[in-house]
Amino acid sequence: MTATDAPDPHPPVPVLTIDGPSGSGKGTVSRAVAERLGWHFLDSGALYRATALAARRRGVDPGDIAALVSVARALDIRFVDRPGDDPAIFVDGEEVSRALRTESTGALASTIAAIPEVRAALVARQRAFRQRPGLVADGRDMGTVIFPDATFKVFLTASPGARAERRHKQLKQKGLDATLADLLQDIEARDARDAARAVAPLRPAADAVVIDSTGLEVEAVVDRVLRLVAARAADRTAG
Ligand code: C5P
């Protein structure tokens, strides 16, 4: 072995990014993959939702960029793991897991997420989740903006109809009310906004593997992602 062949004593912390539109199953898949790999998990959407919720509770005008930025910078958010369930999320010490998931919080999150200054205010906080032994990062711009050097990148999608149905089921399980027609309309409006915004629009990274989960069970998608990670890891070791 020559000096240049020697293994890097400080290899970068591996990151798997899973981006995609709302309802593509990315949250469930990302969490399951993180659990199977024993890696940390970043739910970046929760940061935008928590900023939206905190801003609304403080009566901040959604057009007041400076005030939104200070809410994002000062966000006091904590994720507490709950076995067999989504982590509980606390903002300013109060449990807000349910309030974060409502459609109105999601809609406001998507509006403020289109503001470049708000996105910039959340960058360092997202990158801080990159800790050993690895990170699974779930979002819209994980592979394109936040972790462009990620080891593995997946873009998960599904038809709008399939996504609306999944969302409907999820909300019902959480005891929240919504009609399928309203959800489909929300999903289409949110997709259009997320894809059209000037900063960090929703699109697959050039080096992402695109998986269409329409008609696939969660376990099948999780298996595909895990196989992809194993295959890439083997390539990297061999190369
Ligand atoms: O993923 P989730 O539905 O919780 O995200 C809520 C909103 O936050 C999305 O509709 C999107 O506008 C925004 N978001 C974003 N970038 C991310 C994650 C979420 O713009 N990385």
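What comes next is a walk through the structure. Throughout, a residue's number is its position along its own chain's written sequence, starting from 1. Only residues with pLDDT of at least 70 get local features here, since the model is predicted, and only at 80 or more are side-chain atom pairs given and counted; chain-wide, interface and lining totals rely on the full set of residues. Remark: hydrogens and water are excluded; side-chain values derive from all non-hydrogen atoms of the structure.

1. Thoughts on the sheet that holds strand 2 (residues 40-43)
In plain terms, the rule: Note on pairing: DSSP must find at least two bridges between two strands before they are called paired. Numbering of helices and strands runs from the N terminus, with a helix taken as a DSSP run of H or I at least four residues long and a strand as a DSSP run of E at least two residues long. Note on method: axes are straight lines fitted to C-alpha atoms, helices fitted across the in-contact stretch only, with angles between N-to-C directions ranging 0 to 180 degrees. Every residue pair with non-hydrogen atoms within 4.5 Å of one another is taken to be in contact.
In space, the 5 strands of this open sheet follow the order 2-6-1-7-8, with parallel pairing throughout. Looking along the sheet, the strands with just one partner apiece sit at the ends: strand 2 and strand 8 (209-212). Across the sheet, the mean angle separating the axes of adjacent strands is 20 degrees when strand polarity is ignored. Relative to strand 6 (residues 135-139), strand 2 runs parallel, the two sharing 4 bridges. From the neighbouring strand, Phe41 faces strand 6, where its bridge partner is Val136. Against the sheet, helix 1 (residues 26-37) contacts strand 1 (15-19), strand 2, strand 6 and strand 7 (152-157), and its axis sits at roughly 175 degrees relative to strand 6. Together, strand 2 and strand 6 form the strand contacts of helix 2 (residues 44-57), whose direction differs from that of strand 2 by roughly 40 degrees.

2. Considering the environment of Ala158
Worth spelling out the cut-off: Summary of the burial criterion: residues with accessible area below 20% of their type's maximum are buried, those above 50% are exposed, and those between are partly exposed, where the area comes from a 1.4 Å probe applied to protein chains only.
Tracing the sequence through the fold places Ala158 in the loop between strand 7 and helix 8 (160-173). Residue classification places Ala158 among the buried residues on the basis of a relative accessible area of 5%. Among all residues touching Ala158, those that are not within four sequence positions of it are Ser24, Arg163, Arg166, Asp212, Ser213 and Thr214.

3. Some remarks on the pattern of salt bridges
Spelled out, the test is: A pair is scored as a salt bridge if a Lys or Arg side-chain nitrogen falls within 4 Å of a carboxyl oxygen belonging to Asp or Glu.
This model, assessed by the stated rule, comprises 17 salt bridges. Across the pair Arg36 and Asp223 runs a salt bridge whose closest N-O atoms are separated by 3.4 Å. You can see Arg36 sitting in helix 1 and its partner Asp223 sitting in helix 10 (residues 218-238), a full 187 residues away along the chain. Note on Asp223: relative accessible area 33%, which makes it partly exposed. Linked by salt bridges that have partners in common, Arg31, Asp86 and Lys174 make up one network.

4. Focus on the sheet that holds strand 3 (residues 77-82)
With antiparallel pairing, the 3 strands of this open sheet are ordered in space as 3-4-5. Two strands in the sheet have a free side with no partner beyond their single neighbour: strand 3 and strand 5 (94-95). As defined by bridge partners, strand 4 (residues 85-91) adjoins strand 5 across 2 bridges and the pair is classed as antiparallel. Counted as the bridge partner of Phe90 is Glu95 from strand 5.

5. Some points on the side chain of Arg167
Tracing the backbone shows Arg167 in helix 8. Classification of Arg167 as buried rests on a relative accessible area of 10%. Apart from residues lying up to four places away in sequence, Arg167 is in contact with Ser22, Gly23, Arg49, Arg101, Glu103, Leu183 and Arg190.

6. Description of the environment of Asp223
Applied cut-off: The definition of a polar contact used here is a pair of N or O atoms within 3.5 Å, where within protein one atom must be able to donate a hydrogen and the other to accept one, and adjacent residues in sequence count solely through side-chain atom pairs.
Residues Asp223 and Gly134, 89 residues apart in the sequence, show an inter-C-alpha distance of 18 Å. A polar side-chain atom of Asp223 sits 3.4 Å from a polar atom in the side chain of Arg36.

7. So, the nonpolar core
Put simply, the rule reads: To form a nonpolar core, buried Ala, Val, Leu, Ile, Met, Phe, Trp, Tyr and Cys residues must be joined to one another through side-chain atoms within 4.5 Å.
Counting residues in each nonpolar core, the largest one holds 37 residues, and the members touching the most others are Leu42, Leu68, Ile77, Ile112 and Phe147. Within the residue set of this core, elements represented by two or more residues are helix 2, helix 3 (65-74), strand 4, helix 5 (103-112), helix 6 (116-127), strand 6 and helix 7 (142-146). The element that contributes the greatest number of residues to this core is helix 2, accounting for 8 residues. In contact with Leu68, other than residues within four places in its own chain, are Thr51, Ala55, Val60, Asp61, Pro62, Ile112, Ile115 and Val118.

8. Structural notes on the layout of surface pockets
Short version of the rule: A 1.4 Å probe that fits into a set of points on a 1 Å grid over the protein atoms alone but cannot get out defines a cavity; an open set with protein on both sides within 12 Å along at least five of seven lines defines a pocket, and lining residues are those with an atom within 4 Å of a point. Grid points are joined across faces, edges and corners, and a volume is the space filled by probe spheres set on the points. Side-chain classes are defined by residue name, with Ala, Val, Leu, Ile, Met, Phe, Trp, Tyr, Cys and Pro counting as nonpolar, Asp, Glu, Lys and Arg as charged, and the others, Gly among them, as polar.
Taken as a whole, the second largest pocket encloses approximately 240 Å³ of empty space. Along the wall of the second largest pocket there are 14 residues; nearest its centre are Pro12, Pro14, Thr151, Phe152 and Arg236. Residue contributions to the lining of the second largest pocket peak at 4 residues, all from helix 10. In terms of residue class, the lining of the second largest pocket is built from 9 nonpolar, 2 polar and 3 charged.

9. Considerations on the site of the ligand
For clarity, the cut-off: Working definition: residue near molecule or strand if any one of its non-hydrogen atoms lies within 4 Å of it.
With respect to spatial proximity, 17 residues lie near the ligand, and among them Arg49, Arg119, Arg140, Asp194 and Arg197 are the closest. Residue Asp141 places a side-chain N or O atom 2.9 Å away from a nitrogen atom belonging to the ligand. The element contributing the most residues to the shell around the ligand is helix 2, with 4 residues. Split by residue class, the shell around the ligand holds 4 nonpolar, 4 polar and 9 charged.

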